[in-house]
Amino acid sequence: MATAETGVQAASPGTGEAAVRVRDLTVVYATARGELPAVAHVDLDLPAGQITGIVGESGSGKSTLALALLNAVQRPGRILSGSVQVAGVGDVVTLGRRALRQARGGKIGYVFQASQSSLNPLKTVGKQLLDLGRSHDVADLRQLIREAKGLAEEMGLDPVRALGSYQHQLSGGMRQRVGIIFALVLNAHVLVLDEPTTALDMLSQALVLGIVRRVHRERGLTTVIITHDIGVVAELADRLAVMYAGRIVEEGRTEEVLASPLHPYTAGLIAAIPRIVGDPNRSRPLSGRPPDLTTVPPRGCPFRERCPVAMDVCEVEDPALVEVPGGRRVACHARGRGVAVR
Ligand SMILES: Nc1ncnc2c1ncn2[C@@H]1O[C@H](COP(=O)(O)OP(=O)(O)OP(=O)(O)O)[C@@H](O)[C@H]1O
Ligand SMILES: [Mg+2]
């Protein structure tokens, strides 16, 4: 077996080591009603070498959580409390400005949600790569460009053309791949992809996901993929974390979560996946709408209004995320009381 392959396996699943450890993380935004949490008391481990999918409807706090992994939440938001331990870096929440700048890109690469392109429209991709290198005090900029060209090739892009292009000359799928080049060119080992395929057609979507899978494996990365589309991560992610109203409501190995969801919200998301094979009428959209910051009930379970198995206790007590046998976690009062969630 090739050494590269062996190296990847050494850093892969099964070691039980977390590359990123999020503890009791709360992120708030200032609103007319005061500071309200978009991410509330989140505990999450990103196991080294694995792909973790974070799913949930629009507004559930996915992007806010992703930004907090780099301590990059913008005003009017701020991290109110908690910690984000990144292996080899420390707690990014308490890191000084300079160390934080080095960690972003150097240790953790971030690809922005497709709509908010991070590319500068007035500069070629190559020029922006040089800017990135300079801002990270890279001594050998030629090597950086060589590395970028290598990555471009790995992702099926013509390296000279990709680096010589302006943003408007790239298709959506190309832009996402260029985003990944920026995220990885400084040798980051943690890759955070926020909705990497949302703006893409089906074919480009499949292409980008295939590339993500390959680059993840070949480079032994720890990857986070954020999406509102559970179908996107179903085949890609080793683990799945489901978010609702800023909380993680369920988490576990992807195939187990999909085969037997423990939270009624997860069951609802799965039932809503459009079916290409079989009876399309079997897909059932989730009824109701998710709450935003101002409409999350101050107490009780935030999902209860849409929940088919809600009980009295759900009105008054926000269920804690508890570990259940099999290395899974779920936050639901119905769990353990013999109530079937689907
Ligand atoms: N700058 C901001 N000011 C005030 N509230 C904000 C701000 N950014 C986000 N929010 C609120 O925080 C909550 C979480 O937003 P976030 O963007 O993290 O969700 P998301 O899960 O990424 O959604 P989407 O799927 O639409 O990208 C939402 O209720 C949103 O309205
Ligand atoms: Mg988002």
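In what follows, the structure referred to is the one given above.
Okay, so let's go over this structure. The structure presented is a predicted model; accordingly, all values stated were derived computationally and were not measured.

1. A look at the site of ligand 1
Inference 1: Taken together, 15 residues lie near ligand 1, and Ser-58, Gly-59, Lys-62, Ser-63 and Thr-64 sit nearest.
Inference 2: The separation between an oxygen atom of ligand 1 and a polar main-chain atom of Gly-61 is 3.1 Å.
Inference 3: At 2.5 Å from an oxygen atom of ligand 1 is found a side-chain nitrogen or oxygen belonging to Thr-64.
Inference 4: For ligand 1, whose unbound accessible area comes to 630 Å², protein coverage reaches 69%.
Inference 5: Of the residues forming the shell around ligand 1, the biggest block, three residues, is contributed by helix H2 (residues 62-68).
Inference 6: Taken together, the residues that form the shell around ligand 1 break down as four nonpolar, seven polar and four charged.

2. Quick notes on the side chain of Thr-227
Inference 1: The topology assignment puts Thr-227 in strand S8 (residues 222-227).
Inference 2: When its relative accessible area of 3% is taken as the criterion, Thr-227 is described as buried.
Inference 3: Among the polar contacts listed, one links the side chain of Thr-227 to the backbone nitrogen of Asp-229, at a separation of 2.8 Å.
Inference 4: If we ignore the near neighbours within four places in the chain, the residues touching Thr-227 are Ile-54, Val-55, Gly-56, Lys-62, Glu-195, Val-232 and Val-233.

3. Regarding the nonpolar core
Inference 1: Of all hydrophobic cores here, the largest spans 61 residues; its most connected members are Leu-129, Ile-181 and Val-185.
Inference 2: The biggest single contributor to this core is helix H7 (residues 172-184), with seven residues.
Inference 3: When residues no more than four places from it in sequence are discounted, the contact partners of Leu-129 are Leu-144, Ile-145, Ala-148, Leu-163, Ile-181, Phe-182 and Val-185.
Inference 4: Counting 33 residues, the second-largest nonpolar core is a separate cluster that includes Val-27, Ala-66, Ile-79 and Tyr-110.

4. Concerning the packing of aromatic side chains
Inference 1: Counted under the stated rule, the structure contains four aromatic pairs.
Inference 2: Ring geometry for Tyr-244 and Phe-303: centres 5.1 Å apart, planes at 85 degrees, overall edge-to-face. You can see Tyr-244 sitting in strand S9 (residues 239-244) and its partner Phe-303 sitting in the loop between helix H11 (264-271) and helix H12 (312-316), a full 59 residues away along the chain. Each member of the pair, Tyr-244 as well as Phe-303, is classed as buried.
Inference 3: Ring plane angle 65 degrees and centroid distance 5.2 Å describe the contact between Tyr-265 and Phe-303, whose orientation is recorded as edge-to-face. Of the two residues, Tyr-265 sits in helix H11 while Phe-303 sits in the loop between H11 and H12, which places them 38 residues apart along the sequence. We note that Tyr-265, like Phe-303, is buried.
Inference 4: Chaining the aromatic ring pairs together yields one cluster made of Tyr-244, Tyr-265 and Phe-303.

5. What about the pattern of salt bridges?
Side chains that carry opposite charge are capable of pairing whenever their charged atoms lie near each other.
Inference 1: Under the defined criterion, the tally for this structure stands at 15 salt bridges.
Inference 2: The partner of Glu-251 in a salt bridge is Arg-329, and the shortest N-O contact between them spans 3.1 Å. In this pair, Glu-251 sits in strand S10 (residues 247-253) while Arg-329 sits in strand S12 (residues 328-330), placing the two residues 78 residues apart along the sequence. The same class applies to Glu-251 and to Arg-329, which are both buried.
Inference 3: Taken together, the shared-partner salt bridges connect Arg-21, Arg-23 and Asp-45 into one network.

6. Looking at the pairing of strand S7 (residues 190-194)
Inference 1: The element S7 is largely enclosed, with a buried count of five among its five residues.
Inference 2: Of the two faces of S7, the one holding Val-190, Val-192 and Asp-194 and the one holding Leu-191 and Leu-193 are both buried throughout.
Inference 3: Taken together, the four bridges between strand S6 (residues 108-111) and S7 define a ladder with parallel strand orientation. By the bridge assignment for S7, Ile-108 is matched with Val-190.
Inference 4: Between the parallel elements S7 and S8, the chain passes through helix H8 (residues 202-219) in a crossover that is right-handed.

7. Details of helix H4 (residues 125-135)
Residues spaced three or four apart along an α-helix face the same direction, because each turn holds 3.6 residues.
Inference 1: Along H4, the residues that are buried comprise Val-125, Gly-126, Gln-128, Leu-129, Leu-132 and Gly-133. Considered in projection along H4, the buried side chains sweep an arc of 160 degrees and stay on one side of the axis.
Inference 2: Lining the buried residues of H4 we find helix H5 (141-154), helix H6 (159-164) and H7.
Inference 3: Asp-137 sits one or two positions beyond H4 and adopts a positive phi of about 55 degrees.

8. Digging into the sheet that holds strand S3 (residues 51-55)
Inference 1: Within the open sheet, the eight strands sit side by side as S6-S7-S8-S3-S9-S10-S12-S11. Their pairing is mixed. Whereas interior strands pair on both sides, the edge strands pair on one side only; in this sheet they are S6 and strand S11 (322-324). For this sheet, the mean inter-axis angle between neighbouring strands, taken without regard to orientation, is 20 degrees.
Inference 2: As paired strands, S9 and S10 are joined by six bridges and run antiparallel to one another.

The rules behind each value
Residues numbered from 1 in each chain as written. Chains lettered and ligands numbered in written order. Predicted model: local features only at pLDDT ≥ 70, side-chain atom pairs only at ≥ 80, totals over all residues. Heavy atoms only, no water. Near = heavy atom within 4 Å. Polar contact = N/O pair within 3.5 Å; in protein donor to acceptor, adjacent residues only side chain to side chain. Areas by Shrake-Rupley, 256 points an atom, 1.4 Å probe, with all protein chains shown as cover. Helix = DSSP H or I, 4+ residues; strand = E, 2+ residues; numbered from the N terminus. Nonpolar A, V, L, I, M, F, W, Y, C, P; charged D, E, K, R; others polar. Buried < 20%, exposed > 50% of the residue type's maximum accessible area, 1.4 Å probe, protein only. Contact = heavy atoms within 4.5 Å. Core = buried A, V, L, I, M, F, W, Y, C linked by side-chain atoms within 4.5 Å. Phe/Tyr/Trp six-rings, centres within 6.5 Å; stacked < 30°, edge-to-face > 60°. Salt bridge = Lys/Arg side-chain N within 4 Å of Asp/Glu carboxyl O. Pairing = 2+ DSSP bridges. Right-handed = clockwise from strand over helix to strand, strands pointing away. Arc of directions from axis to C-beta. Axes fitted to C-alpha atoms, helices over the stretch in contact; angles between N-to-C directions.

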